[in-house]
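Structural overview for review
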Number of protein chains: 2
Amino acid sequence: MAQLQAADWVGIPAGHPFGLATLPYGVFSTADQQTQPRIGVAVGDKILDLTAATARLLPGRAHLFGEGTLNPFLAAGDGAWAQVRADLVTWLSGDTYRVAVEDLLVPAASATMHLPFAVADYVDFYASQHHASNVSQIFRPDGGGALAPSWLHQPTAYHGRAGTVIVSGTPVRRPYGQSRPEGADGPEFGPTSRLDFEAELGFVVGVPSQLGEAVAASRFHEYVFGVCLVNDWSARDLQAWETTPLGPFLGKSFGTTVSAWVVPLAALQHAIDYEVRINGHVVSRPPYATMHWSPAQMLAHLTANGAALRTGDLFASGTVSGPERGQRGSLIELSWNGSSPIELADGTSRAWLHDNDEVLITATARGADGERIGLGEAHGQVIPAQSPL
Amino acid sequence: MAQLQAADWVGIPAGHPFGLATLPYGVFSTADQQTQPRIGVAVGDKILDLTAATARLLPGRAHLFGEGTLNPFLAAGDGAWAQVRADLVTWLSGDTYRVAVEDLLVPAASATMHLPFAVADYVDFYASQHHASNVSQIFRPDGGGALAPSWLHQPTAYHGRAGTVIVSGTPVRRPYGQSRPEGADGPEFGPTSRLDFEAELGFVVGVPSQLGEAVAASRFHEYVFGVCLVNDWSARDLQAWETTPLGPFLGKSFGTTVSAWVVPLAALQHAIDYEVRINGHVVSRPPYATMHWSPAQMLAHLTANGAALRTGDLFASGTVSGPERGQRGSLIELSWNGSSPIELADGTSRAWLHDNDEVLITATARGADGERIGLGEAHGQVIPAQSPL
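Here the structure is a predicted model, which means the values were calculated and not measured.

Cut-offs used in this document
- Residues numbered from 1 in each chain as written.
- Chains lettered and ligands numbered in written order.
- Predicted model: local features only at pLDDT ≥ 70, side-chain atom pairs only at ≥ 80, totals over all residues.
- Heavy atoms only, no water.
- Least-squares fit on C-alpha atoms with pLDDT ≥ 70 in both.
- Contact = heavy atoms within 4.5 Å.
- Pairing = 2+ DSSP bridges.
- Helix = DSSP H or I, 4+ residues; strand = E, 2+ residues; numbered from the N terminus.
- Axes fitted to C-alpha atoms, helices over the stretch in contact; angles between N-to-C directions.
- Phe/Tyr/Trp six-rings, centres within 6.5 Å; stacked < 30°, edge-to-face > 60°.
- Buried < 20%, exposed > 50% of the residue type's maximum accessible area, 1.4 Å probe, protein only.
- Buried area = accessible area lost by both parts, 1.4 Å probe.
- Salt bridge = Lys/Arg side-chain N within 4 Å of Asp/Glu carboxyl O.
- Nonpolar A, V, L, I, M, F, W, Y, C, P; charged D, E, K, R; others polar.

Moving on, we get to the relation of the copies chain A and chain B. The two copies are related by a screw motion: chain A maps onto chain B through a turn of 180° and a shift of 0.0 Å along the axis, at an RMSD of 0.0 Å. Here the two chains are linked by the operation of a two-fold rotation axis. Looking at the rotation axis and the C-alpha trace of chain A, the residue lying nearest is Gly 247 of chain A, at 2.1 Å. A symmetric contact is evident, with 100% of the interface residues of chain A recurring at the interface of chain B.

Written out as structure tokens, the structure is:
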């Protein structure tokens, strides 16, 4: 199959990660329109107003894009997903639809992006063996970094806070909480001094399942619509203090950033490569291909006990870390729990994130015909703590 | 203040736990009406159709009760909660409104109850020291049952699965999952053989909070609307195998039963006493007054890191267990991890729940003037496992 080519009038720069092979979906608004946010598709540096285009060209399908969130489209299932994608390619790859859609292309720079879907439940996995092994070595050095007994038998996961999933660009306030300073008997209450990021991949569930029925790994593509980038911000000192015996809670629940664009699975056939930057300086390049558990295995595990899926469920991979130091997807690994701060190109160093630091996670994949498939970005700036007292 | 007295025409039997001092809210439908479910208020053995009554008497307020879920009313805040409650008392305590509302009283026996609110995030605390200590002794007998280091410093909690919260009466399928048989090296995959209940109290958040801002314990009544009963069904063998290091996941996520009626905080001023029955036989009477952490402390902890609240958030107390054996709120404690099965009055015994067992959790509180305040019931029957393979 030849590489998909957008028509010249669409104006996609050569090699742009949002070419016709990507076509990610998001929710946007513009200052000049006072209506509720609309569904958009990123094409190069523009956004196609899919809500308006569908209302104009296919009004029978307008209900899928009329609620300011991707959820109705996510729930419509893989037949609808394929049809809409095919129509987008038709509209954008010739001149037939130029008159119908050209005026609905909006400069991305003029748009405000919103959370692309209403998050139902958020589950965070722990699917990188490199990450799990690093963390085990850091916290349990006496055990030689042994994984938990179940780790290699089933994907490990916990539920996170769906209500604090935020769209890329939203600032993240440094959280307060209890932690126990090294050597102290008891805890102190204050702003975290060990703020971290975690570069992850998120999977967005489209089609719900029935309570009491498991979903087989082989049916992954029927239920999961696409992926987004995730930064699972973590306060390591809060997390260490609270995590026994019920797992992470306040150390994770203050904010989880997702990219504004959800890339359909249809665009993804090959390995995804990440870059993580602090204040513009690359600090890691984690390769997704090194993950131990597959997303289909995660889905099967999540539902093996009969737990139902809902449209908008988000499950994330856990930190993506490769075998090399420069491939670690979190600061706790990069700085080895703060003991070996990393040097940034601006001459500063980081054991943990500072106030005003900007963390930018980006990723691209290789398309079926060699195209660059962009996964957008998960960006967040740390803003100073605010006392809850 | 004199005890609230319903008018005779309302027909509330003397001493009924759903008297005028209770007035709990739920969502119901009846076979003869094909409209979407309506908001109801339990009065004795009847349900007042609040959706219809409000449309008739106070149409300006109809939007609070028009969506088949309590969420719009929950979001309306404590002023609206107090006003609606005062109006209900007025309507039901004299003859003035008899003509306007008597035909909107529906026999509860003819109604189907639905999940009363759309659950946003579900958080489960661990606020009973008796329960935590029992569980610690069972799982870590060598440590003398010592609590985790943080337990007495802050309320321990984890996020559960909001999408599998089900209304009282919904059957619960015995879940499959991995567990490690005693003495075995590795896990097996099969139906849980250690199915348990946990009797808990749930707190229903009405008013949302801002991301990045903590909610003080003193503001509990502004944010939390009321309470429901919770059965946090647990598969102890799945839970034991998976819980290190990220906490419970599949061992808890297959179903969480809540009572159909949400009792407003306005009705509750005194201790809540529970009864747990298996197949009709009382197995435990846990007293809520023995809990270590208060719900206001739980709320403050939940938001101390800036995590936002949403309308419909549910946080539960964790298992309610008193100091006596007959006050333990779970089978793992009652049977001491299966080693001392409990005897039921029908001559059978239980280490864990059997297929077809019915678990019924009820509770009442004492009202300000000595009335019995009913908290309804959380009921569920275990149905046999279904292989996911």
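Alright, that's what it looks like, and here's the rest.
All names here are of chain B. The five strands lie next to each other as β4-β3-β2-β1-β5, forming an open sheet whose pairing is antiparallel. Bordering the open sheet on either side are β4 (105–107) and β5 (111–114), each of which pairs with just one other strand. Sheet twist, expressed as the average angle between the axes of neighbouring strands with direction ignored, equals 50°. In this structure, strand β1 (residues 25–30) lies alongside β5, joined through four bridges in antiparallel fashion. The residue of β5 that forms the bridge with Ser 29 is Thr 112. On the sheet, helix α3 (residues 78–93) packs against β1, β2 (38–43) and β3 (46–49) and is oriented at approximately 60° with respect to β1.

Residue and element names in this part refer to chain A. Scanning the entire structure with this criterion turns up 24 aromatic pairs over all chains. Ring geometry for Phe 73 versus Phe 225: centroids 5.4 Å apart, planes at 70°, classification edge-to-face. One end of the pair, Phe 73, is in helix α2 (residues 71–75); the other, Phe 225, is in strand β14 (residues 224–231), and 152 residues separate them in sequence. For Phe 73, a relative accessible area of 0% puts it in the buried group. Here Phe 225 falls in the buried class, since its relative accessible area comes to 3%.

Before going further, it helps to examine the interface of chain A and chain B. With 53 residues of chain A in contact, the opposing surface of chain B contributes 53 residues. It is Arg 161, Leu 246 and Phe 249 of chain A in chain A that bury the most area against chain B; as a group they hold 16% of the surface buried on that side. For the pair chain A and chain B, the number of links is two salt bridges. Two residues, Arg 161 of chain A and Asp 313 of chain B, come together in a salt bridge whose shortest N-O distance is 2.9 Å. Among the secondary structure elements, those contributing two or more residues to the side of chain A that touches chain B are β7 (157–160), β10 (176–179), α7 (236–242) and α8 (295–303) of chain A. Here the side of chain A that touches chain B takes four residues from β7 of chain A, the largest share from any one element. Residues of the side of chain A that touches chain B, tallied by class, amount to 28 nonpolar, 17 polar and eight charged.

The analysis is restricted to geometry; functional conclusions fall outside its scope.
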